[in-house]
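Letter by letter, the chains look like this.
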Amino acid sequence: MAKEVKLLGFWASAYVVRVQIALNFKGIEYDYVEEDLKKKSELLLQSNPVYRQVPVLVHAGKPIPESMVILEYIEEAWPEKPLLPQDPYQRAMARFWARFAEEKCLPSGVKYFTTKGEDQLKAKEELVENLKILEGALQGKKFFAGETAGMVDIVAGWLPFWIRRMEGLFGDKVVEEDNLPHLNAWFQDYLSLPFVREKLPPPEKVCADLRGLLASLEPN
Amino acid sequence: MEKQGEVKLIGMWSSPFVLRVKVALNIKGVPYESLEEQLPFSKSQLLLDSNPVHKKVPVLLHDGKPVCESLIIVEYIDEVWASAGLPAILPRDPYERAVARFWASYIDEKLFPAMRGTMAAEDEQRKALLEQVMSGLGLLEDAFGKCWKGGKFFGGETIGFLDIALGSILALMKVFDGAMGVKLLDETKFPKLAAWSEAFCEAEPVKEVMPEHERLAEFAMVIRERMRAAKAAAPPPS
């Protein structure tokens, strides 16, 4: 029997993975629909006419695109096991850091991935700078949300998995004990959470996918 | 009456992002002290201390505690001043909240940057950006129709989250109209948005805090020159 919640996704997308992680955290059952991004389904195009992208959450037939919007929706539609704190000020702080991770760290990660030589060195510097700021938000806690993971952990959660893949690909080190000790520890702690581990794509497959992306960026 | 604490807003008269916060505070009837920054010429120590990460306005100081990022501040205001008698800014229903957040994020990530980009752009690039703006307005015109539950606003009878997100850039839109010789919110192309924009500008929480057109137009020229100068001085992409 079809479930009330459907997730349109793509296995290699960090945006999709984090929605899966949030749904898993909340114990929400859903049907997962793998999209062929070269041949997008009617459902996807109708559900997200503005961006035509995954992820899209469809709940009782109503589509919600954009992973950050989806995460807030999941939080509000299924309020048990909250991802955000109760206190409005703490919520504002969580939203601030989630946005920082999304609007600063993610683009600098992309820049690091898509550049070479001098440009990549500069991009790495910028990425590490942004990660140092993000690390500040941990404030000696195990997770951004405290003893257990929350919204910021899930939003920034692409970092532990994808940065390590990129490091492997480039034979480089971006986040280590030496330069980002707390974030480095958080990388391990986040990836060891069962509700996270269960939703991560196979690392070798992701490496192959990233290699393919790099190849496609090469000028003809 | 509930204790609301001391509220200060670090802002700047022309900023649409600061305007969002002013409107939200006005909707809730929260008195606040306005601390005016002299942007883009200087930043106060208070601003640098209150928003060390971005060093930008607006910053809300509630009993000295800073809240940054305009839409985050608006959500904060909605959550703190939430008692029965006060109008809600975000709708109650999670799906409607998602729709409002989706369009607000579209405005900040696509529509507004395209609009702002037309200021420093020339010819072909400017034309392309203008097309993007028009297509974005088309999407919002459509969205208004779909969201509509009666009333003059996206939020219904009273100003809501999406009204604030979009309405805050109306003053700048009028400046662009003047500078580019177009009328962005043309009532023949976007009748719903045109009617909505009039209602928004006339609304009580907005009227007194909307930047004045001539002053904004003059200031926009100053900013445009700075943007063009920065572009000319920037090293070419490697």
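These figures come from a predicted structure and were not determined experimentally. Position labels on residues start from 1 in each chain and follow its written sequence. Labels follow written order: the first chain is A, the first ligand is 1, and so on. Only residues with pLDDT of at least 70 get local features here, since the model is predicted, and only at 80 or more are side-chain atom pairs given and counted; chain-wide, interface and lining totals rely on the full set of residues. For side-chain calculations, the full set of non-hydrogen atoms in the structure is used, while hydrogens and water are omitted.

A. Representation of the overall build of chain A within the structure. Here a strand is any run of E in DSSP of at least two residues, a helix any run of H or I of at least four, and the numbering for each starts at the N terminus. The helix and strand tally for chain A stands at 10 helices and 4 strands. The helix and strand sequence of chain A, counted from the amino end, reads β-α-β-α-β-β-α-α-α-α-α-α-α-α. Using C-alpha atoms as the atom set, the radius of gyration is obtained and then compared with a globule rule of 2.2 Å times the number of residues to the power 0.38. Computed over the C-alpha atoms, the radius of gyration of chain A is 17 Å, within 12% of the 17 Å expected from 2.2 N^0.38 for a compact globule of 220 residues. Each principal axis of the C-alpha atoms in chain A carries an extent, and together these give about 50 × 50 × 30 Å. Relative accessible area decides the class of each residue, using a 1.4 Å probe on protein chains only: under 20% of the type maximum gives buried, over 50% gives exposed, and in between gives partly exposed. Counting across all 220 residues of chain A, residues that qualify as buried make up 49%. In this analysis, two residues are considered to be in contact whenever any of their non-hydrogen atoms come within 4.5 Å of each other. Once local pairs closer than 6 in sequence are excluded, the contacts in chain A between residues at least 24 apart make up 68%. All accessible-area figures derive from a Shrake-Rupley calculation using a 1.4 Å probe, and residue coverage is judged against the displayed protein chains alone. For chain A, the accessible area works out to roughly 10600 Å², and carbon and sulfur atoms hold 53% of it. Separation of charge centres in chain A, based on 28 positive and 33 negative side chains, amounts to 3 Å. Counted as positive: Lys and Arg. Counted as negative: Asp and Glu. His and the chain ends are not counted at all. By convention, the charge on Lys lies at NZ, on Arg at CZ, on Asp at CG and on Glu at CD.

B. Molecular detail of the sheet that holds strand 1 (residues 7-11) of chain B. All names here are of chain B. In spatial order, the strands read 2-1-3-4; together these 4 strands make up an open sheet with mixed pairing. Two strands bound the open sheet, and with one partner strand each, they are strand 2 (33-36) and strand 4 (65-68). Pairs of neighbouring strands in the sheet enclose a mean axial angle of 25 degrees, with direction left out of account. Any two strands are treated as partners once DSSP identifies two or more bridges connecting them. Here an angle of 0 to 180 degrees is reported between the N-to-C directions of two axes, which are lines fitted to C-alpha atoms, with helices fitted over the stretch in contact.

C. Representation of the environment of Trp11(A) in the model. Residues and elements named next belong to chain A. Along the chain, Trp11 falls in the loop between strand 1 (5-9) and helix 1 (14-26). Take Trp11: its relative accessible area is 23%, and that puts it in the partly exposed class. With 41 residues separating them along the chain, Trp11 and Arg52 place their C-alpha atoms 16 Å apart.

D. Structural view of unusual backbone geometry. All names here are of chain B. Across the junction of Leu39 and Pro40, the peptide omega takes the value 0 degrees, indicating a cis bond. Secondary-structure assignment places Pro40 in the loop between strand 2 and helix 2 (45-50). In this chain, Val57 is followed by Pro58 through a cis amide linkage whose omega measures 0 degrees. Among the secondary structure elements, Pro58 is positioned in the loop between helix 2 and strand 3 (59-62).

E. Up close: the pairing of strand 3 (residues 56-59) of chain A. Residues and elements named next belong to chain A. Burial of the side chains of strand 3 extends over both faces: Val56 and Val58 are buried on one face and Leu57 and His59 on the other. Here strand 1 pairs with strand 3 via 4 bridges, running antiparallel. Residue pairing in the sheet places Leu8 in a bridge with Val56 of strand 3. Taken together, the 4 bridges between strand 3 and strand 4 (residues 62-65) define a ladder with antiparallel strand orientation. Within the sheet, the bridge partner assigned to Leu57 lies in strand 4 and is Ile64.

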